[in-house]
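Each chain, written out:
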Amino acid sequence: FQLLAFSATGQGARQYTFTHYGVSSGLASYEATASLQDEYGFVWVATNNGLQRFDGQRYLSFRHEKGDTTSIPHNFVTQLLLDKKKNLWILTGDGKVGTFDTKRFIYHEATVNVKNTEVLTIDRELIEDEQGHLFLIFHNNEFITWNEERKEFAAIHNFINLPDGWQFVDVLQQPGTKKYWIGRREGIAVYNLETKQLSYSGHNVENEPLINKWGTVAVPNNMLFDKRGRLWFDTWLGSATIFCYDLKKRQPVLDQYYLNSIIDGYFETRGFMEQEDSTIWVKGLNVFARYLEKENKFLSVYNGYQNEQSIDYVRVNSLYEDRDHNIWVTTNNNGLYFFN
């Protein structure tokens, strides 16, 4: 893929040079939900009209075929994850979870055991930790763990011991540690697998500085640990709000940071991405911005059609950096873009 440049456009946004892939180029839908690159260099794209493999020129498309259990179970693919064993996991709109064999093009469904089957189709996310454990999180509900031998996700395989009745929004391992940070409706908690201790506001047994500072911030979501040892997350405090805490320095980087000054109209933040060079990006509904380290603020990517190299989005669903350091952007209204 070619290397691309960027130029500035005004105070509040920066114009990058994008390559656009839409329906006319072979993309299955203008609503693309996720993308990633496999070990062979193919880019896999999830859409609301099937799964596709892209080689930079041509697409291979995979859709549900009635009566064929080896085809994907539903055409609305909501998430992709390539695990440490190079299995391509897909989540589909009908509540199913499974792996897609990228060589034989065969789907294998995973068993999902939950207390209440009504949660299967709510907002959910698949997360992998450093050891390769897979967690399936049902937002504002429960989370369950994958067991390879039994080929199932179930609460009985959870090794993070948490109280019954907690409503989860996120679970994330702190890199290089045995600590798991948990976002729940009532705030942030930390489970230390080494000491088997659970810390949260009002019960901060390991005296975590971040818990003391922000332990009661409700519904902390989309957590990301960056290479500098900082924890990023977002929530809703009357408006989309960003927090960032430096765990090494034990101090906030961004405290209740709002994007209102750079984004017009209604917006929602929906997560972060860190590049190999440590650049941080935020995405979401009417949100696509880059964090400027020196200025300690975000700068928007210019949103609007100016020419064939511009980007026009309503919602940025995912950001992914490939091996050539191109960033792939999936949108809900204009398909797939990439830039460098």
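Anything mentioned here points back to the structure above.
Residues numbered from 1 in each chain as written. Predicted model: local features only at pLDDT ≥ 70, side-chain atom pairs only at ≥ 80, totals over all residues. Heavy atoms only, no water.

J.: Would you explain the side chain of Q79 in this entry?
T.: Of note, Q79 is situated in strand β8 (residues 77–82). Within the local environment of Q79, its side chain forms a polar contact with the backbone nitrogen of L126, the two atoms lying 2.8 Å apart. Once residues within four sequence positions are removed from consideration, Q79 is found in contact with W89, I90, L91, R124, E125 and L126. (Helix = DSSP H or I, 4+ residues; strand = E, 2+ residues; numbered from the N terminus. Polar contact = N/O pair within 3.5 Å; in protein donor to acceptor, adjacent residues only side chain to side chain. Contact = heavy atoms within 4.5 Å.)

J.: So what exactly am I meant to see when it comes to the nonpolar core here?
T.: Judged by nonpolar contacts, the single largest core of 17 residues is most densely connected at W232, I242, L254, L259, V282 and F298. Looking at this core, the elements that each hand over two or more residues are β23 (240–246), β24 (251–257), β26 (280–285) and β27 (287–292). Among residues more than four places away in sequence, those in contact with F298 are W232, I242, L254, Y257, L259, I262, I280, V282, A289, R290 and Y291. (Core = buried A, V, L, I, M, F, W, Y, C linked by side-chain atoms within 4.5 Å. Buried < 20%, exposed > 50% of the residue type's maximum accessible area, 1.4 Å probe, protein only.)

J.: When you look at the side chain of D170 in this model, what are you seeing that I'm missing?
T.: Inspection of the secondary structure assignment puts D170 in strand β17 (residues 168–173). Despite its burial, D170 pairs with no opposite charge, the nearest such side chain being K283 at 10 Å. Polar contacts involving the side chain of D170 include one to the main-chain amide nitrogen of M223, which spans 2.7 Å. Once residues lying within four places of it in the same chain are set aside, the contact partners of D170 are E125, I127, I137, W181, I182, G183, P220, N221, N222 and M223. (Lys, Arg positive; Asp, Glu negative; His and termini not counted. Salt bridge = Lys/Arg side-chain N within 4 Å of Asp/Glu carboxyl O.)

J.: In this structure, what is going on with the layout of surface pockets? I would like to understand it.
T.: Space left empty within the atom packing is revealed by a probe, the size of a water molecule, rolled over the atoms. If you add up the space inside the second largest pocket, you get close to 320 Å³. What lines the second largest pocket is a set of 19 residues, among which D83, N87, W89, W146 and E148 lie closest to the centre. Looking at the lining of the second largest pocket, the elements that each hand over two or more residues are β10 (97–101), β11 (106–109) and β15 (143–147). For the lining of the second largest pocket, the class distribution of residues is four nonpolar, eight polar and seven charged. (1 Å grid on protein atoms, 1.4 Å probe; cavity = no way out; pocket = protein on both sides within 12 Å on 5 of 7 lines; lining within 4 Å. Points joined across faces, edges and corners; volume = space filled by probe spheres on them. Nonpolar A, V, L, I, M, F, W, Y, C, P; charged D, E, K, R; others polar.)

J.: Explanation requested: the pattern of salt bridges in the structure shown.
T.: Side-chain pairing between opposite charges can occur once the charged atoms of the two side chains come close. Taken as a whole, this structure holds 13 salt bridges when the rule is applied. Here R315 makes a salt bridge to E31, at a shortest N to O gap of 4.0 Å. Here R315, found in the loop between β28 (297–301) and β29 (316–321), pairs with E31, found in the loop between β3 (19–21) and β4 (32–37); they are 284 residues apart in sequence, far enough to count as distant. The exposure class of R315 is buried, given its relative accessible area of 19%. A relative accessible area of 22% means that E31 is categorised as partly exposed. One salt-bridge network, in which partners are shared between bridges, spans D226, R228, R230 and E293.

J.: Explain unusual backbone geometry to me, please; I cannot follow it from the model alone.
T.: Backbone geometry follows two general trends: most residues other than glycine have a negative phi, and most peptide bonds adopt the trans configuration. In this structure, K86 takes a positive phi of about 70° despite not being glycine. Along the chain, K86 falls in the loop between β8 and β9 (88–92). Positive phi outside glycine occurs at N286, with the angle close to 65°. With respect to the helices and strands, N286 occurs in the loop between β26 and β27. Taking the relative accessible area as the measure of exposure, N286 reaches 22% and is therefore partly exposed.

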